[in-house]
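# Chains, contacts and geometry: an overview
Now for the letters of each chain:
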Amino acid sequence: MRVACVQFQPLRTAVTANVDRMIAFWPDGCVLTVFPELATTGYLFLSPDEIRVYAEPADGPSLSRLIQAAAAKNAYAVVGFAEAKNGRIYNSAALVGPHGVIDVYRKVHLFDRELSVFSPGREAWRVHDVGGLRVGMMICFDWLFPEAARALALAGAELIAHPSNLVLPYCQDAMITRCLENRVYAATANRVGEETDGETSLHFTGKSQIVSPKGERLAQAGAEEDAVVVAEIDPSLAYDKRATPSNHIFAQRVPHLYHALTDDIVPLRSEKPYRLNVAAIVVDRLGRILAGERSDLPGVWQLPQGGIDPGESEEEALRRELAEEIGVAAEEIEIVARSNEVRTYSFPAYLRRMRIAQEWSGQAQRYFVVRLKKGAEPAVEASDGEFCAFRWLAAEELLAQAVHFKRAAYAAAFSEFAHLLRPDPLSDDA
Ligand code: ACM
């Protein structure tokens, strides 16, 4: 059977024209054709509002046109598109066939500025049988997380469809390793050309490729031009996980030694104490929670929190931290609830050189639910700069965007205060 990658230059915001060109490039005679990431919209958008008008639901016009083309060709495609779903925008890939959309994968590992444009996908990798080929999807920067390709291969993928908009030079070579270590095919459909938004410009690296389970490049496009690359593949080769006659790489795995890969955290092993700290669940009248984006870690959103100074009460610490971190004065803050529990999280071993981790094993937190008095607003300009942006998020959205080692503590606190995380029926806004 044959598979293909289409490499082209989507035009930013020209959705209809991009879909026209995808259909024109789509080769006949291939069971599966992979198109680039965000092929319908173009790549470079700097905010959710900028891309929102070009994003579509999975049953929107762009995928509907591609389904018609799939029916005409009796073939399947994986297509990168900006997906509008439940008020959020995802960097998604759809597997489409003659009868409709088979699945949508939402990019889990967002790259660089995408972190401030898209919501991260939080569903695990899946595999589908299309035309006798078991296909899984990952998107672009997922390549740097070997867990993604591994999860797909363990789920039975014979071919990884990999829509991309690559800007770093390493991926095409790294995918050879992803294929070797998983004994799978990969079809990386990259784009070419440049995109500019305001002061920002990106150059994309082309070289779309199809790689075999033995790490051979079966086909590769050039770095700059539109191209369709096609390769003949044999799915049974991806079923054979033998690297040598005596090494079946999946049978030889020892998963119980790999728990660090799936545990939320490998904690620092230390006798150090936990630092006493207060955390603020600031809620608005719609029951949403105030999240701050860390200035030092773009894309990581968290609750305001901080340590209790000597001689300070928890409430004093809470009001001081909120004044510092969100720029709202102590008297503008109304404390609605205080947890009876102290919840701890540990610092992960990989952060052992962080200053705070040299003194403490982690944080022991008292959670408070807080409202801001009418007219009070969080403001980066009035704060100490620890956060570079604020958003009001639903609890599950904040959990999706929180750093992994705080998630369990947040989830427990949001669950304790679930009754306060709903729209306030007395509010004008609700
Ligand atoms: C990327 O993930 N688009 C580099």
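Conventions adopted
Residues numbered from 1 in each chain as written. Predicted model: local features only at pLDDT ≥ 70, side-chain atom pairs only at ≥ 80, totals over all residues. Heavy atoms only, no water. Helix = DSSP H or I, 4+ residues; strand = E, 2+ residues; numbered from the N terminus. Expected span 1.5 Å × (residues − 1). Buried < 20%, exposed > 50% of the residue type's maximum accessible area, 1.4 Å probe, protein only. Arc of directions from axis to C-beta. Contact = heavy atoms within 4.5 Å. Axes fitted to C-alpha atoms, helices over the stretch in contact; angles between N-to-C directions. Left-handed = near helix turned anticlockwise from the far one by under 90°. Patch = residues over 30% accessible without salt bridge, like charges linked within 9 Å, V, L, I, M, F, W, Y side chains within 5 Å. Areas by Shrake-Rupley, 256 points an atom, 1.4 Å probe, with all protein chains shown as cover. Salt bridge = Lys/Arg side-chain N within 4 Å of Asp/Glu carboxyl O. Parallel < 35°, antiparallel > 145°, perpendicular 65-115°, else oblique. Nonpolar A, V, L, I, M, F, W, Y, C, P; charged D, E, K, R; others polar.

## Re helix 3 (residues 61-73)
Its 13 residues give helix 3 an end-to-end C-alpha distance of 18 Å, which sits within 8% of 18 Å, the value for a rise of 1.5 Å per residue. Regarding helix 3, the residues found buried are Ser62, Leu63, Leu66, Ile67, Ala69 and Ala70. For helix 3, the angular spread of the buried residues around the axis is 160°, confining them to a single face. Exposed positions of helix 3 whose direction lies more than 90 degrees from the buried face are Pro61, Gln68 and Ala72. For helix 3, the secondary structure elements touched by its buried residues are helix 1 (15-25), strand 3 (76-85), strand 4 (88-97) and strand 5 (100-106). Just downstream of helix 3 lies Asn74, where phi reads positive at about 50°.

## Looking at the packing of helix 4 (residues 146-154) against helix 5 (residues 171-182)
Packing of helix 4 against helix 5 leaves a shortest axis separation of 10 Å and a crossing angle of 35°. By crossing handedness, the relation of helix 4 to helix 5 is classed as right-handed. Between helix 4, through Pro146, Ala149, Arg150 and Ala153, and helix 5, the contact on the second element is made entirely by Arg178, Glu181 and Asn182.

## Section: a nonpolar patch on the surface
Among the surface-exposed residues, Leu257, Tyr258 and Leu261 lie close enough to one another that they form a single nonpolar patch of about 320 Å² accessible area. As for its placement among the helices and strands, Tyr258 is situated in the loop between strand 16 (247-248) and strand 17 (274-282). With a relative accessible area of 30%, Tyr258 lands in the partly exposed category.

## Here's the deal with the packing of helix 1 against helix 3
Viewed as axis vectors pointing N to C, helix 1 and helix 3 meet at an angle of 15°, and their least axial separation amounts to 10 Å. Taken together, the axes of helix 1 and helix 3 lie roughly parallel to each other. Once helix 1 is placed against helix 3, the crossing between them reads as right-handed. Every residue of helix 3 that contacts helix 1 at Val15, Thr16, Val19, Asp20, Met22 and Ile23 is listed here: Ser62, Arg65, Leu66 and Ala69. Grouping the constituent residues of the contact of helix 1 with helix 3 by class yields 6 nonpolar, 2 polar and 2 charged.

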